[in-house]
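Single-letter residue listing:
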Amino acid sequence: RRFDDIINFPSPGKKERDAYLKHLLNGVELGGSLANVSKSLTSLSFADIKKIITEAVKSALLRGDTTVASSDIHEQCRTHKRTIDAAVHKERKTQ
């Protein structure tokens with residue numbers, strides 16, 4: 001089935017990102033500034049933010065840490081952006 005309507009969802013603003021980060025990190029200690037983490041996630045969707053935070057928490061737990069460092073989140077953000085860039089590049093090559 002084909003859908004002709006397109007629904008655009010704007011990226012979350014600072015307040016929404018901060019609230020969502022607090023929700024995602026509920027019960028997980030953050031080693032760093034929530035404000036800096038939130039700023040690094042500007043222009044990303046809620047789904048992207050969830051994926052990045054989930055992967056950062058997993059990385060910390062697999063290391064045996066109970067604290068998620070802001071550097072864990074920044075690294076996952078860089079990895080996510082590289083993955084997106086590679087997918088876009090691949091898509092452009094096939095067109």
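Criteria and thresholds
Residues numbered from 1 in each chain as written. Predicted model: local features only at pLDDT ≥ 70, side-chain atom pairs only at ≥ 80, totals over all residues. Heavy atoms only, no water. Helix = DSSP H or I, 4+ residues; strand = E, 2+ residues; numbered from the N terminus. Expected span 1.5 Å × (residues − 1). Buried < 20%, exposed > 50% of the residue type's maximum accessible area, 1.4 Å probe, protein only. Contact = heavy atoms within 4.5 Å. Core = buried A, V, L, I, M, F, W, Y, C linked by side-chain atoms within 4.5 Å.

What to know about helix α4 (residues 70-94)
Taking 1.5 Å per residue, 25 residues should reach 36 Å; α4 reaches 36 Å between its end C-alpha atoms and fits that length. Within the span of α4, buried status applies to S70, D72, I73, Q76, C77 and H80. Here the buried face of α4 lies against β1 (29-31), α2 (34-40), α3 (46-63) and β2 (67-69).

Observations regarding the environment of T67
Positionally, T67 belongs in strand β2. According to the relative accessible area criterion, T67 is partly exposed, its value standing at 24%. On a C-alpha basis, the gap between T67 and H89 in space is 35 Å, while along the polypeptide they are 22 residues apart. Aside from chain neighbours lying at most four places away, what touches T67 is E29, L30, G31, A60 and D72.

Describing the nonpolar core
Ranked by size, the top nonpolar core spans 16 residues in total, and within it L41, I49, I53 and I73 carry the most contacts. Per element, the largest residue contribution to this core is six residues, and it comes from α3. Once residues within four sequence positions are removed from consideration, I73 is found in contact with L30, V37, I52, I53, A56 and V68.

Without other data, these values stay purely geometric and don't point to any function.
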